[in-house]
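# Architecture and fold: a report
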Amino acid sequence: PFGAPLIALVVALGAGLCMALAYANGGARDEGLAIPLVCISIVVLAIHTAAAAGGAIAGEVQSRTWSALLTTPLTPREIIRGKIFGLVRRQWMIPAFVAFHLGVVTLAGTMHSIAAVVVIVNCVCAVVFLASLGVAMSLWLRRSTPATIWTLVVAAGLWGVLPMLSMLTAAILQMDRSERPSMHLVSLVIAPNPVVMAAVATEGGMNRGGWNSELRFDFPTGRIGLAKFLFYSTAGWSVLLAASYALSRWAERHFPKAAAADR
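We now turn to the structure provided with this report. Along every chain, residues carry numbers that run from 1 in the direction the sequence is written. Owing to the predicted nature of the model, reporting of local features is limited to residues with pLDDT of at least 70; listing and counting of side-chain atom pairs is limited to 80 or more, with chain, interface and lining totals taken over all residues. Each side-chain value is derived from all of the structure's non-hydrogen atoms; neither hydrogens nor water enter the calculation.

## Topic: the overall build of the protein
Short version of the rule: Runs of E in the DSSP output that reach at least two residues are strands. Runs of H or I that reach at least four are helices, and both are numbered from the N terminus. Only protein chains enter the accessibility calculation, which uses a 1.4 Å probe; a residue whose area is less than 20% of its type maximum is buried, one above 50% is exposed, and one in between is partly exposed. By definition in these notes, contact holds between two residues if any of their heavy atoms fall within 4.5 Å. Residue-level accessible areas treat just the shown protein chains as cover; the underlying method is Shrake-Rupley with a 1.4 Å probe.
Broken down by element type, the protein carries 11 helices and 2 strands. N-terminal to C-terminal, the α/β element order of the protein is α-α-α-α-α-α-α-α-α-α-β-β-α. When each of the 263 residues of the protein is scored for burial, the buried share is 44%. Across the protein, contacts joining residues at least 24 apart in sequence account for 75% of those joining residues at least 6 apart. Entry remark: accessible area of the protein is about 13,300 Å², with carbon and sulfur atoms responsible for 70%.

As structure tokens, then:
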């Protein structure tokens, strides 16, 4: 992700020093460190993935290697999926950093391991979705900057605008009480948001009462248990992965048309 081993080493040492200072001040047992760290990490991961994905095809066009790529015996499916999986593989740094911190917090007896796994899966699903969306936008728009911007705009609409509109609608119709069935729909709309779900998982996964205590998570439907939270989490992951598959299939079908325009 950094282009040079020396830069990666400097960043790793700096991050390690910062985390060592945080742990020395009790950060391993403080949700005041875990929640912001997880949320900021996912936001940075989303921006970095969108920026990298925006140039997946547009970068080939702008660097004039697109014609050479079209002469290879690779099928559109192999090219598109290779771009997507390559982008996902290159985003390992931030998920590894989050996994390291959550591992330390879990080993310290502060967080339940299931909550830590939910956060990591949120990161992975978000990266797969943004990589698929970015490659599709890059193939459609053929320029890096507009592709990156529209990738972020679509993600912001799905993860920010749509949940806000659903909550606002429920409030206007006076259907925003936690016991109302409408809040289950609001919860399903919020579920694909990796930042919100990671924050809820981190906060609810803190073992304030010990390992035998029942986990509870704050959600629009009220303070829910682990089973319901895993249901909403799985629904959110399913939406992101289904959207990723649909975007990759669209890019594969649109690829011949884009290739023909450049021949």
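## Regarding the side chain of H254
Residue position: H254 is located in helix α11 (residues 226-261). Exposure remark for H254: the relative accessible area of 17% places this residue in the buried category.

## Some remarks on the pattern of salt bridges
Going by this rule: Each reported salt bridge corresponds to a side-chain nitrogen of Lys or Arg within 4 Å of a carboxyl oxygen of Asp or Glu.
Inspection of the entire model under this criterion finds 5 salt bridges. Across the pair E203 and R223 runs a salt bridge whose closest N-O atoms are separated by 3.6 Å. Here E203 is found in helix α10 (residues 194-205), whereas its partner R223 is found in strand β2 (residues 222-224), with 20 residues between them in sequence. What makes E203 buried here is its relative accessible area of 17%. Overall, the relative accessible area of 36% leaves R223 in the partly exposed class. One salt bridge connects R249 with E252, and the closest N-O pair in it is separated by 3.0 Å. Here E252 and R249 lie together in helix α11, a separation of 3 residues that amounts to about one turn.

## Brief notes about the environment of A52
Tracing the backbone shows A52 in helix α2 (residues 31-54). Exposure remark for A52: the relative accessible area of 28% places this residue in the partly exposed category.

## As for helix α7 (residues 113-141)
Put simply, the test is: For a helix, the expected span equals 1.5 Å multiplied by the number of residues minus one.
Spanning 29 residues, α7 covers 42 Å between terminal C-alpha atoms, matching the ideal 42 Å at 1.5 Å per step. Burial runs high along α7: 21 of the 29 residues are buried. Among the residues trailing α7, R142 stands out with phi positive, at a value near 65°.

## Remarks on the packing of helix α8 (residues 144-172) against helix α9 (residues 182-190)
Just so we agree on the cut-off: What counts as an axis is a line fitted to C-alpha atoms, over the stretch in contact for a helix, and the angles between N-to-C directions run from 0 to 180 degrees. In this scheme, roughly parallel covers angles under 35 degrees and roughly antiparallel covers those over 145, while 65 to 115 is roughly perpendicular and the rest are oblique. Residue polarity follows a fixed list, in which Ala, Val, Leu, Ile, Met, Phe, Trp, Tyr, Cys and Pro are nonpolar, Asp, Glu, Lys and Arg are charged, and the others, Gly among them, are polar.
Here α8 crosses α9 at 170°, and the two axes come no closer than 9 Å. When the axes of α8 and α9 are compared, the pair comes out roughly antiparallel. Contact with α8, carried on its side by L162, P163, S166, M167 and A170, involves M183, V186, V189 and I190 of α9 and no other residues of that element. Looking at the contact of α8 with α9, its residues break down into 8 nonpolar, 1 polar and no charged.

## Here's the deal with the packing of α2 against helix α6 (residues 93-107)
In a packed pair of helices, the relevant descriptors are the angle between the two axes and the axis-to-axis distance. Running from amino to carboxyl end, α2 crosses α6 at an angle of 170°, the nearest separation of the two axes being 10 Å. Judged by the inter-axis angle, α2 sits roughly antiparallel to α6. Between α2, through L33, A34, L37, V38, S41, V44 and L45, and α6, the contact on the second element is made entirely by I94, P95, F97, V98, H101 and L102. Tallied by class, the residues present in the contact of α2 with α6 amount to 11 nonpolar, 2 polar and no charged.

Geometry only, nothing functional implied.
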